[in-house]
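# Observations on the model geometry
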Amino acid sequence: AAGAQTDPVLTECATPEPVVVPEALPEIQIGGSTLVATGADAYRPVAVEVEGGYVVAGATFSDTGRDILIARLDGESGEVLGGAVVGGSGDDVARALAVSAKGEIVLAGHSDSRDLAPGQRAAGGRDGFALTLDAESLKVVAASFVATEGEDSVDALVTAESGELLLAGTSN
């Protein structure tokens, strides 16, 4: 009937298996940056399994504040196979990682930088983000932002086979 309300269609998403980050991560250095692996929530690394190992992201510090160090580690030896530092002119925090249906790495969190990635439109204090990274180079290939006048953060994410992202977080 005309004007009838339909139920929303939900895309089925695979629930990722939790990845336990070892209590004692090996020292991870990318360029001159070192991963800060402490027990504090703000610095706790997040990880996701990938073929042959895992990808871990966490805090590192630069002269502009907190940045995100992301590294690919061998599953057997824990050896660093590659990595990158993602960050802008302010504090940038990793809160979640996932692998897309295409095998890309999706990194989510919050930032008060105004130059974290191309296309960023900052609206206020802290903005939530989801960055898609090339699986090999770990370079940013796409970016989405959640930006209101308040403080925003993307704290969890799930990827669908269709390529869609389901983001969860906070805004105030």
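Please read these numbers as outputs of a predicted model, since none were measured by experiment.

Quick notes on the rules
- Residues numbered from 1 in each chain as written.
- Predicted model: local features only at pLDDT ≥ 70, side-chain atom pairs only at ≥ 80, totals over all residues.
- Heavy atoms only, no water.
- Pairing = 2+ DSSP bridges.
- Helix = DSSP H or I, 4+ residues; strand = E, 2+ residues; numbered from the N terminus.
- Axes fitted to C-alpha atoms, helices over the stretch in contact; angles between N-to-C directions.
- pLDDT = per-residue confidence, 0-100.
- Contact = heavy atoms within 4.5 Å.
- Core = buried A, V, L, I, M, F, W, Y, C linked by side-chain atoms within 4.5 Å.
- Buried < 20%, exposed > 50% of the residue type's maximum accessible area, 1.4 Å probe, protein only.

### Considerations on the sheet that holds strand β5 (residues 65–74)
- An order of β3-β4-β5-β6 is seen for the 4 strands of this open sheet, with the pairing classed as antiparallel. Where the open sheet ends on each side, the last strands, each with one partner, are β3 (46–50) and β6 (80–86). Here the strands of the sheet are splayed against their neighbours by 25° on average, with no regard to which way each runs.
- Across 10 bridges, strand β4 (residues 53–62) lies against β5 in antiparallel orientation. Directly across from Gly-58, in β5, lies its bridge partner Leu-69.

### Section: the confidence of the model for the protein chain
- Averaged over all residues, the pLDDT of the protein chain is 77; the fraction at 70 or higher stands at 73%.
- Note that residues 6–23 has pLDDT below 50 and, in this model, 16 contacts with residues that lie over four places away or in other chains.

### Considerations on the nonpolar core
- Counting residues in each nonpolar core, the largest one holds 19 residues, and the members touching the most others are Ala-57, Ile-70, Leu-97, Ile-105, Leu-107 and Leu-131.
- Listing elements by their share of this core, those giving two or more residues are β3, β4, β5, β6, β7 (92–99), β8 (105–111) and β9 (127–133).
- If we ignore the near neighbours within four places in the chain, the residues touching Leu-107 are Ala-57, Ile-68, Ala-94, Ala-96, Leu-97, Phe-129, Ala-130, Leu-131, Leu-133 and Leu-157.
- With 8 residues, the next largest nonpolar core counts Ile-28, Val-56, Leu-69 and Ala-71 among its residues.

### A look at unusual backbone geometry
- Even without being a glycine, Leu-138 presents a positive backbone phi close to 60°.
- Checked against the element boundaries, Leu-138 lands in the loop between β9 and β10 (140–146).
- The exposure class assigned to Leu-138 is buried, which follows from its relative accessible area of 1%.

### Quick look at the environment of Ile-70
- Position of Ile-70 relative to the elements: it lies in strand β5.
- Note on Ile-70: relative accessible area 0%, which makes it buried.
- As a C-alpha pair, Ile-70 and Val-56 span 14 residues in sequence and 5.7 Å in three-dimensional space.

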